[in-house]
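# Tertiary structure, described
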Amino acid sequence: MSMIGEYFRMTEAELERAIGDPDWALSHVEETADADEESGPSPAEARHFSTHRTWHLLDFLLQRSEFPVNVVHGEEPLGEADDWGYGPPRYLPPDRVRLGARALSRLTYDQLLDGVDPQELVAAEIYPLGWDDRASLEWGRDWFADLQKYLTAAAEAGHAVIIWLD
């Protein structure tokens with residue numbers, strides 16, 4: 001079983017409802033995510049997005065760069081939500097999505113990798129294990145680019161983003 005980083009864009013009205021009714025939120029997310037999976041939209045068009053197993057690598061790299069927004073785990077608890085996989089979901093309100101998207105747009109993956117020794121990831125036990133050499137760090141490049149596209153589109157739409165590990 002894998003730990004997968006999950007994201008879901010919501011309007012402010014949907015977010016308010018989700019905070020007050022986390023069970024509705026989970027049902028809404030599952031229903032919409034299933035529809036997204038069937039239609040296969042691009043990251044910029046999708047309501048549901050995943051960084052798959054790169055979430056921990058991206059978190060490590062972003063924290064190391066002192067990134068101003070927690071775009072990997074979210075920042076606010078989603079009401080009284082139960083566990084959605086590996087803990088309860090959190091969210092970024094629209095203003096934090098905008099800040100995160102702006103900051104991501106000014107950052108390249110090469111900048112994130114600058115000076116990183118793969119052994120740092122081994123020592124920090126970054127999931128999934130297997131950081132044998134510098135080339136292994138390339139695995140996150142496309143997921144980072146897709147996260148940039150996803151959050152930029154969410155910011156442009158004025159959406160909040162719910163984030164969880166599943």
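Let me sum up the structure you'll find in this document.

So, how was this worked out
- Residue indices follow the written sequence of each chain, beginning from 1 at its first position.
- Since the coordinates come from a predicted model, pLDDT governs what is reported: local features require at least 70, and pairs of side-chain atoms require 80 or more to be given and counted, while whole-chain, interface and lining totals use all residues.
- As a convention, hydrogens and water are excluded, and side-chain values are obtained from all of the structure's heavy atoms.
- Relative accessibility under 20% of the residue-type maximum defines a buried residue, over 50% an exposed one, and the middle range a partly exposed one, all with a 1.4 Å probe and only protein chains included.
- The numbering of helices and of strands both runs from the N terminus, where a helix is a DSSP run of H or I of at least 4 residues and a strand a run of E of at least 2.
- When DSSP finds at least two bridges between two strands, those strands are taken to pair.
- In what follows, residue pairs with any heavy atoms lying within 4.5 Å of each other are defined as contacts.

Burial of strand S5 (residues 160–165) is extensive: six of the six residues sit out of reach of the surface. Neither face of S5 is exposed, since Ala-160, Ile-162 and Trp-164 on one face and Val-161, Ile-163 and Leu-165 on the opposite face are all buried. Sheet analysis places strand S1 (residues 5–10) next to S5, joined by six bridges and oriented antiparallel. Bridge pairing links Gly-5 to Leu-165 in S5.

What follows is about the environment of Val-116. Positionally, Val-116 belongs in the loop between helix H5 (109–113) and helix H6 (118–123). Here Val-116 falls in the buried class, since its relative accessible area comes to 5%. Separated by 18 residues in sequence, Val-116 and Arg-134 have C-alpha atoms that sit 8.3 Å apart. Contacts of Val-116, omitting those with residues within four sequence positions, involve Leu-61, Arg-64, Leu-121, Arg-134 and Leu-137.

Here Ile-4 shows up in the segment before S1. The spatial distance from the C-alpha of Ile-4 to the C-alpha of His-56 is 9.3 Å, given a sequence separation of 52 residues. Ignoring anything within four residues of it in the chain, the contact list for Ile-4 reads Ser-50, His-52, Arg-53, Trp-55, Trp-164, Leu-165 and Asp-166.

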